Amino acid sequence: MRLITTYFLVFLITVIQAFSNKSHTNNWAVLVDTSRFWFNYRHVANVLSIYRSVKRLGIPDSQIILMIADDMACNPRNPRPATVFNNADQHINVYGDDVEVDYRGYEVTVENFVRLLTGRLPPGTPRSKQLLSDEGSNVLIYLTGHGGDGFLKFQDSEEITSQEMADALEQMWQKQRYNEIFFMIDTCQAASMYERFYSPNILAVGSSLVGEDSLSHHVDSSIGVYIIDRYTYYALEFLEKVNPQSDRSLSEFLKVCPKSVCISTVGVRKDLYNRDPSRVPITDFFGSVRPIDILHDITNVTLVQRKRAKSKKPKAKPKKYMYVDPLVNFNSLNV
Amino acid sequence: MSNGKKKTPKNPAKSDENDEELIFRIYSIISFFVVLIVIGLPIWWYTTRVYRATLPLTQMENHVLNNNSEKEFRMPLSLEYDVLITFAHSDPLNPEVRIKGEDLEDKLLPVLESISQVFDFVIKSQWLYTFDLGVKLTKNEKYYALSRDQLPHVITPLEAKLWSHMSPRPTINLLVYFQRCGDLPLYVFDEKNQRVSSNSFFSSRWGGVHVINPDEESCKTGVFTPNLQSITSIFVTQLQKLFKIDNMLDPDDVYEFKVRKSTEMVESTRRTLKSLAELLSEIKSIVISEDVGEKIRLAVISADMAKEYLQNSYVDKGLELARVAFKNSEEAFGDPSLLSLLYFPEDQKYAVYIPLFLPIMIPVFMSLSTLRTWYVSKKKSE
């Protein structure tokens, strides 16, 4: 018994040494737009901007939880259906051609959001609607909508308070559901939402301080409403220049929106975060790079012939499937 | 007695007729007081409190946490896993590959049998046609190369196509990539730029990738039958690396693995229970129903017993109990009912009830002074 424990300890130490420089194994993103109705077009554009970036930088859809309270792309008032643009010149269509929304419309509630974070979803919830992060996950949380001092409004009917938000994150920490969290919020008085956080390893950034409004960027006259918020507009502009291999640091990202362009003051909370943001590559949160090991020595396995149960064997001849070239043109069919 | 009789007619000299009504007023004050304060308040308190079943809190908290910093590089602990075998081929008829998932399952299952006491495995297989690795391969006169730096970027785009997240269990991905004829051979290189003899790599918590180059003969005939033995060996090695077990076929290693996993499960159970106990003291609005309480008690007992069995080297029994403890602690922590008071937090309870109670309570308390004057005057009169 003692031998095993010693062996185990030695093994632990080697593993710790081997991986001490890298700390996360997978990435997750929770992106939430909490407001509906056409005049809140900009919030949908915000959340889709971040969605576009994390997806482009490599987080797979299965690890992105996207909550959108309204469907602007297919809104009858949208003059260009199936598009959501980040500016009036239609520079970037943030809707793209492949958006996988996990919670939509009236599913975007405080309850669903807190249940998602804490992992207390009703049994039978599809895996795509669950945050299956673990102690090796870096989680990006992005919230946008209408906020006030100490709360964020969900859908005109309810709100999440900063205390509830902090408690939810603490429950995540206690259950080892994250390694690090990057918390981004683009709302009015955004800084009030992260003031109460008390769990470790969280870096928080908000588009405005308490008492400040967060401002929108510009109006698209053909749409007739504000098209995107300032903070996210500049964040997207920065992220567009990042690629999966690049080594841009998080501290550069924290400075994307100086007061001269944002008008509101971007708030940052670093006291819960252990690492120096200037040494953290932005792809630690916005990308997904898995650690790789090479397989060197192969254990040779002698095959054991296993007898299948006879009843299982299909008696009918198995259907033969084959690959057929995709149909390019109907004229090529010889009918 | 006679004295008292004498006095009573004397006292209410001021309000003779009021006397009989006064006593009813007093009764009504007392009844209001009893209904509201003595019965109502406790009922209100009892029905609106956050329900918590009695828990073995000291046992839950009584646990020293170890430093688990290496944990993120193991497979996430679970009682069952999916093994998803994926055959990926960029050019399906060049050559046609003849291999069936069932055949591999038959070869893998006997090996996995050795650790099936610890975990349950579900083996699935799928084909991905016209699939490209998504990285630019460096070409040489003799071969194509997949360099060490490119390997992570092979896995990232793969994840979108594998659909491994469809299952409720964690998935171990085992991918075989067949290179098409014409672009042969494709080799994997390590950090020292040496060719990797196994032509395969793996990523902790995700799974492994194995690149197979069809031989020239098969390219001529157009039909390629891969060597099941070598694929099985690669898969088994990848699984051993993922689970950090030296040799799945060596009984000593399997024994050590069982001990380690049972210890981990007990450790995880204790950690979960401790976290829960801490949360219960931090956050007041968490509800613990009887059902959840039962699971917690079961987890506490099973974890203790498992630990005892493991210390006495009854590994199989210990493992069984560790599994029970782990399952119940996870279920208890993740139970949806813990959040049932989400919309009614403790700090807002008073904000909701005070406007309701104040208008009723003020007259009741004020009438108490009437009761007092009545009582005092009665005493005096006696």
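Calculation criteria
Residues numbered from 1 in each chain as written. Chains lettered and ligands numbered in written order. Predicted model: local features only at pLDDT ≥ 70, side-chain atom pairs only at ≥ 80, totals over all residues. Heavy atoms only, no water. UniProt positions renumbered as here; feature names shortened; annotations may be inferred. Salt bridge = Lys/Arg side-chain N within 4 Å of Asp/Glu carboxyl O. Buried < 20%, exposed > 50% of the residue type's maximum accessible area, 1.4 Å probe, protein only. Helix = DSSP H or I, 4+ residues; strand = E, 2+ residues; numbered from the N terminus. Contact = heavy atoms within 4.5 Å. Buried area = accessible area lost by both parts, 1.4 Å probe. Nonpolar A, V, L, I, M, F, W, Y, C, P; charged D, E, K, R; others polar. Disulfide = S-S within 2.5 Å. Pairing = 2+ DSSP bridges. Axes fitted to C-alpha atoms, helices over the stretch in contact; angles between N-to-C directions.

Per an unreviewed UniProt entry, chain B goes by the name GPI transamidase component PIG-S and belongs to Phyllotreta striolata. What UniProt states about chain B under its Pathway (unreviewed entry) heading is, verbatim, "Glycolipid biosynthesis; glycosylphosphatidylinositol-anchor biosynthesis."

Where an unreviewed UniProt entry is consulted, chain A appears under the name GPI-anchor transamidase, with the organism given as Phyllotreta striolata. Under Pathway (unreviewed entry), UniProt gives the following word-for-word description of chain A: "Glycolipid biosynthesis; glycosylphosphatidylinositol-anchor biosynthesis."

All names here are of chain B. Enumeration over the complete set of coordinates arrives at 32 salt bridges over all chains. Across the pair Asp-183 and Arg-180 runs a salt bridge whose closest N-O atoms are separated by 2.5 Å. We note a salt bridge from Glu-290 to Arg-297, for which the minimum N-O separation is 3.8 Å. Using a relative accessible area of 23% as the deciding quantity, one classes Arg-297 as partly exposed.

Looking now at the side chain of B:His153. Mapped onto the elements, B:His153 comes out in helix α5 (residues 151-162). Overall, B:His153 belongs to the buried group, its relative accessible area being 19%. With residues near it in sequence (within four places) discarded, B:His153 still touches A:Pro244, A:Gln245, A:Val289 and B:Val135.

As a further point, take the interface of chain A and chain B. Between chain A and chain B, the residue contacts involve 66 residues of the former and 83 residues of the latter. Contact between chain A and chain B buries roughly 6,600 Å² in total, counting both sides, with carbon and sulfur atoms accounting for 61%. Of the charged contacts in the structure, one is a salt bridge between A:Lys175 and B:Glu330, with a shortest N-O distance of 3.0 Å. At the level of elements, α1 (2-19), α3 (110-118), α4 (162-174) and β13 (293-294) of chain A are the ones that each hand at least two residues to the side of chain A that touches chain B. In terms of residues, the side of chain A that touches chain B owes the most to one element, α1(A), which gives 8 residues. For the side of chain A that touches chain B, the residue count by class is 27 nonpolar, 21 polar and 18 charged.

Another aspect to go through is the state of the cysteines. Taken as a whole, this structure holds 2 disulfides over all chains when the rule is applied. A sulfur-sulfur separation of 1.8 Å characterises the disulfide bridge that pairs B:Cys181 with B:Cys219. Taking the torsion about the S-S bond as the criterion, the B:Cys181 to B:Cys219 disulfide, at about -90°, is left-handed. Remark: B:Cys219 occurs in helix α6 (residues 216-221) and B:Cys181 occurs in the loop between β6 (171-178) and β7 (186-188); sequence separation between them is 38 residues. Cysteine A:Cys188 is unpaired, with the sulfur of A:Cys262 as its nearest cysteine sulfur at 12 Å.

What follows deals with the sheet that holds strand β9 (residues 207-212) of chain B. Here 6 strands make up an open sheet; going across it, the order is β13(A)-β8(B)-β9(B)-β6(B)-β1(B)-β3(B) and the pairing mixed. Each of the sheet's edge strands pairs with one partner strand only, and the pair in question is β13 of chain A together with β3 (120-129) of chain B. As paired elements, strand β1 (residues 80-89) of chain B and β3(B) share 10 bridges and run parallel to each other. Bridged to B:Ala88 within β3(B) is B:Leu128. Along the sheet, helix α7 (residues 228-243) of chain B makes contact with β1, β3, β6, β8 (200-203) and β9 of chain B, crossing β6(B) at roughly 145°.

So, about the sheet that holds strand β7 (residues 158-161) of chain A. Residues and elements named next belong to chain A. Read across the sheet, 3 strands follow the order β5-β6-β7 without closing on themselves; strand pairing throughout is antiparallel. Where the open sheet ends on each side, the last strands, each with one partner, are β5 (147-148) and β7. With 4 bridges joining them, strand β6 (residues 151-154) and β7 adopt antiparallel strand pairing. Bridge assignment links Phe-151 to a residue of β7, and that residue is Thr-161. With respect to the sheet, α3 is in contact with β6 and β7, its orientation differing from that of β7 by roughly 35°.

Now for the UniProt feature "active site" (unreviewed entry) in chain A. All names here are of chain A. UniProt records the feature "active site" (unreviewed entry) at His-146 and Cys-188, using the numbering of this structure. A maximum C-alpha distance of 6.4 Å is found for the annotated residues, which run over 43 residues; spatially they form one tight group. Mapping His-146 onto the fold places it in the loop between β4 (137-144) and β5. Classification of His-146 by relative accessible area gives partly exposed; the value is 25%. Following the sequence through the fold, Cys-188 ends up in the loop between β8 (180-186) and α5 (191-194). Non-local contacts of Cys-188, meaning those with residues more than four positions away in its chain, are made with Gly-147, Gly-148, Ser-208, Glu-212, Asp-213 and Ser-214.

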